[in-house]
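Here's the letter readout for the chains.
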Amino acid sequence: MSAGFTRIALIGFGEVGQTLGADLLAAGASVSAYDPLFGNSNSVPSRALTKIRVVAQKTAPEAVRDADLVISAVTAASDLDAARSVVSGLAAGTFYLDVNSVSPGMKRACSGIIDGVGGRYVEAAVMTPIAPKRIASSMLLGGPHAADFITRAQPLGFSGAKVFSQIIGQASATKMCRSVIIKGTEALLLESMIAARHYGVEKTVLDSLSDLMPVGDWDRLARYMISRALEHGTRRAEEMRESAKTVAEAGLAPLMTAATAEREDWAAAQKDALAHMDDLGALLDAIRSHMTGDAQAAPKAAE
C-alpha cells in the first residue's frame, strides 16, 4: 500500500487554500504555501498566515521543492500560470492536484505541463462550496493518477473525493455544465427580481413560480441565490467565462453562459446591498438604489 502524503505545497492561499491548509496541518502534514499576494503584508493571504501556520515561501518553485503533493488553488484565470510556475521545482513523481474551476481544455493544458516534467497530474472538480465540509467536500477526480491519489490522500481527510474518470476533462465538464444552470439561475433570479421590484410584483412572480417549480420557499431561495451573486460575483463571473469556454469547446455558441458572466460581474459591484439580505424587498431596494444613486428609486411592493 502506498504511503500517505506528508509534505504538501499549496499554490494559492485564498479561501480554498486557507481551508485546505488548516485541515492539512490538523491532519499532521507539513505544509508550505506560495501566493503572489504574500508580497503585500496587508493582503488577505498574508494576514491569514498569522492564523494558519503554513510555511510561506517567496516563490512557487521554493514552495513545491521536496513536496510529495502540490495543490493548485488559484483563480480560474491563473490556472495555467500556476502550473507553469512550479515546473522548475517539481520533483519527478510529485502529485499535482488541480482544484480550480476551469474548462476541460484548460485542465488538459495543465496536465500536459505537469506530466511533461514527470509530475502526476490529478484533475479535481469541487462540487460544493468549500466551507461546509472543508477538505471532506465532494470532489470528482480525473486522470490516470486519480486512483493512486485517493489511496494516499484519504488519511488527510479527503473523504468526499472519488475517482470519476480516467479521462482528463470529464470531471471539469461536469462541474462547468452544472454551473451553467446554477449560476444561470442566480443571474435570472437577480435580473427578474430587480425588474419585478420596480413594478411592485416580486412576491406575485415568486408565488407563481411555486406552481411551475415547487422547490419550497422561493423567497428564501431568491435571497440566497442573489446574495451568493453579490458576495462572490467576481469569482463566479470568472468561473462562468470558463464555463463559456467549455460550451464553446463542445461546438456551441455560449450565448446564455456569456451573459451570465456579465451579470455576475455586475452583481459584484452591488455587494453593499448584502447588509439587507434578511428581507428580499429591502435587498432589492438596496441594489436598485445603488444602480440609480437614488434611495427613493424603488417603489414599495404591492400589498
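It should be noted that the structure appears before, not after, this text.
The following refers to the structure shown. Keep in mind it's a predicted model, so treat the numbers as computed, not measured.

**A few points about the layout of surface pockets**
Thought 1: Put simply, the largest pocket is a space of about 1,200 Å³.
Thought 2: When residues of the lining of the largest pocket are traced back to their parent elements, those giving at least two are helix H1 (15-26), helix H2 (44-48), helix H4 (79-86), helix H6 (130-133), helix H8 (170-199) and helix H10 (218-249).
Thought 3: Sort the elements by how many residues they give to the lining of the largest pocket and H10 lands first, with 8 residues.
Thought 4: Counted by class, the lining of the largest pocket contains 22 nonpolar, 12 polar and 12 charged residues.

**Here's the deal with the pattern of salt bridges**
Where side chains of opposite charge bring their charged atoms close, a pairing between them can arise.
Thought 1: Counted by the stated rule, this structure contains 14 salt bridges.
Thought 2: Put simply, Glu15 and Arg235 hold a salt bridge, and the shortest N to O gap is 2.8 Å. Of this pair, Glu15 sits in helix H1 while Arg235 sits in helix H10, placing them 220 residues apart in sequence.
Thought 3: With a relative accessible area of 36%, Glu15 lands in the partly exposed category.
Thought 4: Note that Arg134 is salt-bridged to Asp23, the shortest N-O span being 3.0 Å. Residue Arg134 is found in the loop between H6 and strand E7 (139-142), and its partner Asp23 is found in helix H1; the two are separated by 111 residues along the sequence.

**Comments concerning the side chain of Ser72**
Thought 1: Examined against the element boundaries, Ser72 turns out to sit in strand E4 (residues 69-72).
Thought 2: You can call Ser72 buried: its relative accessible area is 0%.
Thought 3: Setting aside anything within four residues of it in sequence, one finds Ser72 in contact with Ile11, Asp79, Ala82, Tyr96, Leu97, Asp98, Val99 and Asn100.

**A short note on the packing of H4 against helix H5 (residues 104-116)**
Thought 1: H5 packs onto H4 with a crossing angle of 5 degrees between their chain directions and a minimal axis gap of 9 Å. As the angle between them shows, H4 and H5 are arranged roughly parallel. Side by side, H4 and H5 meet where Asp79, Leu80, Ala83, Arg84 and Val86 of the first sit next to Met106, Ala109, Cys110, Ile113 and Ile114 of the second.
Thought 2: Tallied by class, the residues present in the contact of H4 with H5 amount to 8 nonpolar, no polar and 2 charged.

**Points about the pairing of strand E5 (residues 95-98)**
Thought 1: Alternating residues of E5 divide into Phe95 and Leu97 and Tyr96 and Asp98, and every residue in both groups is buried.
Thought 2: When E4 meets E5, the two strands line up parallel, connected through 4 bridges. When the bridges of E5 are listed, Ile71 appears paired with Leu97.
Thought 3: Handedness of the crossover is the feature at issue here: the chain leaves E4, passes through H4, returns alongside E5, and the resulting connection is right-handed.
Thought 4: Read from E5 through H5 to strand E6 (residues 120-126), the crossover connection turns out right-handed.

Definitions and cut-offs
Residues numbered from 1 in each chain as written. Predicted model: local features only at pLDDT ≥ 70, side-chain atom pairs only at ≥ 80, totals over all residues. Heavy atoms only, no water. 1 Å grid on protein atoms, 1.4 Å probe; cavity = no way out; pocket = protein on both sides within 12 Å on 5 of 7 lines; lining within 4 Å. Points joined across faces, edges and corners; volume = space filled by probe spheres on them. Helix = DSSP H or I, 4+ residues; strand = E, 2+ residues; numbered from the N terminus. Nonpolar A, V, L, I, M, F, W, Y, C, P; charged D, E, K, R; others polar. Salt bridge = Lys/Arg side-chain N within 4 Å of Asp/Glu carboxyl O. Buried < 20%, exposed > 50% of the residue type's maximum accessible area, 1.4 Å probe, protein only. Contact = heavy atoms within 4.5 Å. Axes fitted to C-alpha atoms, helices over the stretch in contact; angles between N-to-C directions. Parallel < 35°, antiparallel > 145°, perpendicular 65-115°, else oblique. Pairing = 2+ DSSP bridges. Right-handed = clockwise from strand over helix to strand, strands pointing away.

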